[in-house]
Amino acid sequence: MKSSDARHLCDILQNTGTAEIDILGGEPLLIPWIRDFVAYAIATGFSVNMSTNGSLPDAVNDLARIDTHALTIGFSILGFEKTHNRLTLSDNFSKTIEGIKTVQASGKNPVVKSAVTKENSHEIHDLALYLSELGIRKYYLLYEDIVGRKEETPFFSFPRFWQFYSNLKTIMKGMIELDFVAASGFCMSIHNPRGRCNAGVTKIAVMPDGSAFPCNLFAGFQRFYLGNILRDGIEAIWGNRVLEFFRDTNHKNICKQHECIHYPTCKGGCPAHSYFAYGTVDKADPRCNAF
């Protein structure tokens, strides 16, 4: 996306009630104008959440120097040095830790995120302790996405992930605030059913060319293309009939595992994962076949 288009996007969203912009990658700090864009978005009135792998210390330092409390910088760490570097095919662990300390020195509170996998789960407890000693206040465990990956990719079912997260949250109470990120379709409140998931309900995803999708996991699936926000405007995007599926409040849990403790608050997981695996959104998330 060109810098001018990014600013235009802010202007489009300014009067829609949008409160937050999440900037995801890839690695967004590779974009030469990203710091200026973040400053512009904050000045426009948005809160900005930036996700980075921390591999670019100079760019992290430039971002941290923006004088605001409306910017949250999140760092991805997949384990200690050996594990992190192996899983990311990089040598960036030390740079990521340096970036965290840089953000802290600026007076901000960075967050750290770890996608929990079968390859790193044995390190997450000790990593949480290490992060608490670094002064990290908030640590997110991410339920691993597998859209676009090979069928043999090993993964946890959501119930196993939830048990892992809940146990660690109890252990780490008082040391570090633990939270989780997972598809809303796994944990919709039975007291507040919003639809199939939060895609197209509380969020949309915008790609670098301006193309819009219900969420980033649907990007590339032409059936879920909402239009181009830079050309078509927010009204056309938000009013696209594709979103009627997600907003239908009559969605029931399509999962067949009635014995699961999450069944009452689940809508069958992430529809993007179902579409990726089966070519339909009318089946449950394939990751819950991994009990």
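Parameters at a glance
Residues numbered from 1 in each chain as written. Predicted model: local features only at pLDDT ≥ 70, side-chain atom pairs only at ≥ 80, totals over all residues. Heavy atoms only, no water. Helix = DSSP H or I, 4+ residues; strand = E, 2+ residues; numbered from the N terminus. Rg over C-alpha atoms; globule rule 2.2 N^0.38 Å. Buried < 20%, exposed > 50% of the residue type's maximum accessible area, 1.4 Å probe, protein only. Contact = heavy atoms within 4.5 Å. Areas by Shrake-Rupley, 256 points an atom, 1.4 Å probe, with all protein chains shown as cover. Pairing = 2+ DSSP bridges. Axes fitted to C-alpha atoms, helices over the stretch in contact; angles between N-to-C directions. Arc of directions from axis to C-beta. Expected span 1.5 Å × (residues − 1). Parallel < 35°, antiparallel > 145°, perpendicular 65-115°, else oblique. Left-handed = near helix turned anticlockwise from the far one by under 90°. Nonpolar A, V, L, I, M, F, W, Y, C, P; charged D, E, K, R; others polar.

**Quick word on the overall build of the chain**
Now for step 1: When helices and strands are counted, the chain shows 10 helices and 9 strands.
Now for step 2: In terms of overall dimensions, the chain is globule-like: its C-alpha atoms have a radius of gyration of 19 Å, near the 19 Å expected for 291 residues.
Now for step 3: Put simply, the chain has 291 residues, and 46% of those count as buried.
Now for step 4: Counting contacts in the chain only where the partners sit at least 6 residues apart, residues at least 24 apart contribute 63% of the total.
Now for step 5: Accessible area for the chain stands at about 14,800 Å²; split by element, carbon and sulfur atoms hold 50% of it.

**Some points on the sheet that holds strand E6 (residues 177-181)**
Now for step 1: Judged by pairing direction, the sheet is parallel, and its 6 strands sit side by side in the order E1-E2-E3-E4-E5-E6 without closing on themselves. Of all the strands in the sheet, the pair left with one neighbour each is strand E1 (20-23) and E6. Strand-to-strand, the axes of this sheet are offset by a mean angle of 25 degrees, without reference to chain direction.
Now for step 2: Bridging between strand E4 (residues 111-116) and strand E5 (residues 138-143) involves 6 bridges; their strand directions are parallel. Of the residues in E5, the one forming a bridge with Val-116 is Tyr-143.
Now for step 3: Against the sheet, helix H2 (residues 34-44) engages E1, strand E2 (47-52) and strand E3 (71-76), with an angle of about 155 degrees to E2.

**Focus on helix H6 (residues 124-134)**
Now for step 1: Buried residues of H6: Ile-124, Leu-127, Ala-128, Leu-131, Ser-132 and Leu-134, and no others. Buried residues of H6, viewed axially, fall in a sector of 155 degrees; they line one side.
Now for step 2: Where H6 is buried, its residues meet helix H5 (93-105), E4, E5 and helix H7 (158-171).

**Focus on H5**
Now for step 1: Along its 13 residues, H5 runs 19 Å from first to last C-alpha, staying within 8% of the 18 Å computed at 1.5 Å per residue.
Now for step 2: Every buried residue of H5 is listed here: Phe-93, Thr-96, Ile-97, Gly-99, Ile-100 and Val-103. Across the axial projection of H5, the buried residues extend over an arc of 155 degrees, all falling on one side.
Now for step 3: Looking at the buried side of H5, the elements it contacts are helix H3 (57-64), E3, helix H4 (81-88), E4 and H6.
Now for step 4: Looking one or two residues beyond H5, the residue adopting positive phi is Gly-107, at roughly 95 degrees.

**A few points about the sheet that holds strand E7 (residues 205-206)**
Now for step 1: Taken in spatial order, the 3 strands of this open sheet run E7-E8-E9, and their pairing is antiparallel. Every interior strand has two partners, whereas the edge strands, E7 and strand E9 (227-228), have only one.
Now for step 2: Where E7 lies against strand E8 (residues 211-213), 2 bridges are found, and the strand directions are antiparallel. Residue Val-206 lies in a different strand from E8, and its bridge partner there is Ala-212.

**Re the packing of helix H1 (residues 3-14) against H2**
Now for step 1: At their nearest, the axes of H1 and H2 sit 10 Å apart, and the two run at 15 degrees to each other. The angle between the axes of H1 and H2 places the two elements in the roughly parallel class. Classified by chirality, the crossing of H2 by H1 is right-handed. Between H1 and H2, the residues in contact are Ala-6, Arg-7, Cys-10, Asp-11 and Gln-14 and Asp-36, Phe-37, Tyr-40, Ala-41 and Thr-44, respectively.
Now for step 2: Its residues assigned to classes, the contact of H1 with H2 shows 5 nonpolar, 2 polar and 3 charged.

**Observations regarding the environment of Asn-92**
Now for step 1: One can find Asn-92 in the loop between H4 and H5.
Now for step 2: What makes Asn-92 buried here is its relative accessible area of 15%.
Now for step 3: As for Asn-92 and Gly-107, which are separated by 15 residues in sequence, their C-alpha atoms are 23 Å apart.
Now for step 4: Residues within four places of Asn-92 in sequence aside, it is in contact with Ser-55, His-84 and Asn-85.

Any link to function would need more than the numbers given here.
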